[in-house]
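# Remarks on the overall topology
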Amino acid sequence: MSNTDIITAIINIVLTGGLGVISYFLKRTMDRIDKCESDISKIKEDYITKEDFFREQGKTDRKLDRIMDILLEIKGGK
């Protein structure tokens, strides 16, 4: 083998190794992005808006008020 063949082989090995490293990190990054996208879609499914929260909280407050009224009537009736 001549010097140019050895240099060419070394360059090919270095380029192949560099491409392998780049591919590894690119794949890892893409996997993380895919995981983040699936997490975001799950959050969107489970998310409740501020207005929905206040509306449901109001319903709960009204129910508790009715229970309190009933309890006060029972206590006052005895």
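Above this text you will find the structure in question.
Along each chain, numbering runs from 1 in the same order as the chain's sequence is written. The predicted nature of this model means local features are confined to residues of pLDDT at least 70 and side-chain atom pairs, given and counted, to a pLDDT of 80 or more, with totals for whole chains, interfaces and linings taken over all residues. Hydrogen atoms and water are omitted, and side-chain values are computed over all heavy atoms in the structure.

### Considerations on the overall build of the chain
- Helix and strand counts for the chain stand at two helices and zero strands.
- Here the radius of gyration uses the C-alpha set of atoms, whereas the globule reference equals 2.2 Å times the residue count to the power 0.38. Scaling as 2.2 N^0.38, a compact globule of 78 residues should have a C-alpha radius of gyration of about 12 Å, whereas the chain reaches 33 Å, well beyond that.
- Summarising its shape, the C-alpha atoms of the chain cover approximately 110 × 20 × 10 Å along the three principal directions.
- The average position of the 14 basic charges and that of the 14 acidic charges among the side chains of the chain differ by 6 Å. A run of H or I in DSSP counts as a helix once it spans at least four residues, and a run of E counts as a strand once it spans at least two, with each numbered from the N terminus. We score Asp and Glu as negative and Lys and Arg as positive, and we do not count His or the chain ends. The atom standing in for a charge is NZ when the residue is Lys, CZ when it is Arg, CG when it is Asp and CD when it is Glu.

### Looking at a negative patch on the surface
- Where like charges cluster on the molecular surface, the negative patch consists of D61, D65, D69 and E73.
- Note that D65 resides in helix α2 (residues 50-77).
- Burial here depends on accessible area, computed with a 1.4 Å probe over protein chains only, as a share of the maximum for the residue type. Under 20% is buried, over 50% is exposed, and the range in between is partly exposed. Classification of D65 by relative accessible area gives partly exposed; the value is 48%. By definition, no residue in a patch forms a salt bridge, and every one has over 30% relative accessible area; like charges are joined within 9 Å, nonpolar side chains (Val, Leu, Ile, Met, Phe, Trp, Tyr) within 5 Å. The protein chains shown are the only cover counted for residues, whose accessible areas, like all others here, come from Shrake-Rupley with a 1.4 Å probe. Salt bridge, as used here, is a side-chain nitrogen of Lys or Arg placed within 4 Å of a carboxyl oxygen of Asp or Glu.

### A few points about the pattern of salt bridges
- Counted according to the given criterion, the structure contains five salt bridges.
- With a shortest N-O distance of 3.3 Å, E56 and K59 are connected by a salt bridge. With E56 and K59 both in helix α2, this residue pair falls three residues apart, about one helical turn.
- Judged by relative accessible area, E56 falls into the partly exposed class, the value being 39%.
- Owing to a relative accessible area of 37%, K59 belongs among the partly exposed residues under this scheme.

### Quick look at a nonpolar patch on the surface
- On the surface, L64, I67, M68, I70, L71, L72 and I74 cluster together to form a nonpolar patch covering roughly 680 Å² of accessible area.
- Structurally, the position occupied by M68 is in helix α2.

Everything listed here is a matter of coordinates, which is why it stays silent on function.
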